[in-house]
Amino acid sequence: MKRWKRLAGMTSVMLAFMMLMSSCGFDNRIVIGAQTFSEAKILAEMYKALIEDRTDLKAKVLPDLAASPVVINAMKKNELQMATLYTGEIFNNHFPVKDTKDREEVLKQAKAGFDQYFGFKWYDPLGFENTYAFTIREDLAKDKGYQTISDTAKDAASLRLGVDTTWLERDTDGYRGFQNTYGFKFGQEFPMELSLVYAAVSNKQVDIVLAYSTDSRLKAFNLTTIKDDKQFFPPYDASTVVRKDLLEKYPELDEVIGLLIGKFDEKTMIDLNYQVDIEKKSEREVAVNYLKETGLLQK
């Protein structure tokens with residue numbers, strides 16, 4: 001915990017320095033934070049493009065922030081004014097919450113809690129979530145007819161599970177909690193770094209893996225995610241989050257930000273991530289091209 005606080009403090013100092021160095025000459029610049037993964041950077045570039053297209057304001061993207069708590073802390077200190085966050089963030093001890101996996105209730109608590117305790121407006125979801133998802137090869141899914149996690153129960157004893165090491169060790173939201181919810185376990189477990197699970201299942205070293213639901217490697221390796229039909233994993237719906245005092249100062253932003261609500265599904269986000277991660281396009285290029293294709297850019 002102390003180590004995390006030191007890291008957050010160092011990050012805050014670095015953010016403040018970067019803001020000071022980069023803000024000269026821009027009175028109305030909005031700073032948009034983004035975590036280390038492509039999805040957050042693409043969305044940040046979309047916010048920037050839309051803001052500069054539809055208002056007289058300027059925006060700057062600050063990418064590669066270590067984690068969502070760093071983003072939240074920087075927004076709280078007004079070093080950032082907006083970012084993309086995920087509804088499941090409410091379970092990271094920011095404020096008191098009711099334990100639930102109901103999607104609407106989690107969203108409701110995110111909106112109310114970040115308003116009350118942080119002064120942020122949490123918008124309606126963008127249309128997709130980025131959460132844990134059990135994933136198998138496309139050919140195996142078709143051959144066995146797997147569409148849900150429960151569908152694998154009949155073959156579970158013979159299936160090899162590739163999974164992030166830490167997930168095996170966690171209780172309520174880890175493998176033990178999974179077994180309590182679904183009532184079965186897989187035949188063998190192979191702990192590994194999360195980045196390795198995609199190639200492992202594609203190469204038939206394992207049969208089923210726990211991955212992220214919008215990861216570009218799902219497309220790169222022709223993998224299929226199966227539905228969490230008993231809602232074991234909490235929802236992680238993506239939403240735009242903005243400081244309320246910024247919206248009060250520039251009320252025109254509310255309509256601009258609302259343009260992206262409900263505009264994405266998981267397949268769309270996987271495709272956009274794929275363009276950055278696999279095709280090596282810049283986040284800015286992918287973001288602007290998408291906004292042009294969907295007619296959201298006016299200029």
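Residues numbered from 1 in each chain as written. Predicted model: local features only at pLDDT ≥ 70, side-chain atom pairs only at ≥ 80, totals over all residues. Heavy atoms only, no water.

Draft legend 1. Structural view of the sheet that holds strand β8 (residues 208–212). The five strands lie next to each other as β7-β6-β8-β5-β9, forming an open sheet whose pairing is mixed. Of all the strands in the sheet, the pair left with one neighbour each is β7 (188–192) and β9 (223–225). On average, adjacent strands in this sheet sit at an angle of 35° to one another, irrespective of strand direction. Where strand β6 (residues 160–164) lies against β7, five bridges are found, and the strand directions are parallel. Of the residues in β7, the one forming a bridge with Gly162 is Phe190. (Pairing = 2+ DSSP bridges. Helix = DSSP H or I, 4+ residues; strand = E, 2+ residues; numbered from the N terminus. Axes fitted to C-alpha atoms, helices over the stretch in contact; angles between N-to-C directions.)

Draft legend 2. Structural context of the UniProt feature "domain: ABC-type glycine betaine transport system substrate-binding" (unreviewed entry) in the protein. Here, the residues flagged by UniProt with the feature "domain: ABC-type glycine betaine transport system substrate-binding" (unreviewed entry) are residues 29–293. Helix makes up 41% of residues 29–293 and strand 20%. Its end C-alpha atoms lie 26 Å apart. (UniProt positions renumbered as here; feature names shortened; annotations may be inferred.)

Draft legend 3. Here's a closer look at the environment of Ala153. With respect to the element layout, Ala153 can be found in the loop between α5 (138–144) and β6. Along the backbone, Ala153 and Tyr182 are 29 residues apart, and their C-alpha atoms lie at a distance of 8.4 Å.

Draft legend 4. Inspection of the pairing of strand β3 (residues 82–86) at higher detail. Among the five residues that make up β3, five are buried, leaving the element largely enclosed by the rest of the structure. In β3, alternate side chains face the same way, and those of Met82, Thr84 and Tyr86 on one face and Ala83 and Leu85 on the other are all buried. As paired strands, β3 and strand β10 (residues 238–243) are joined by five bridges and run antiparallel to one another. Its bridge partner being in β10, Tyr86 is matched across the sheet by Ala238. (Buried < 20%, exposed > 50% of the residue type's maximum accessible area, 1.4 Å probe, protein only.)

Draft legend 5. Looking closely at the nonpolar core. Formed by 41 residues in total, the largest nonpolar core has its most connected members in Met46, Ile51, Leu253, Leu260, Phe264 and Leu291. Ranked by the residues each element gives to this core, the list is headed by helix α2 (residues 38–54), at nine residues. Among residues more than four places away in sequence, those in contact with Phe264 are Leu43, Met46, Leu126, Gly127, Phe128, Met269, Leu272 and Tyr290. If you look at the next biggest cluster of nonpolar residues, it comprises 23 residues, including Ile149, Trp167, Phe184 and Ile226. (Core = buried A, V, L, I, M, F, W, Y, C linked by side-chain atoms within 4.5 Å. Contact = heavy atoms within 4.5 Å.)

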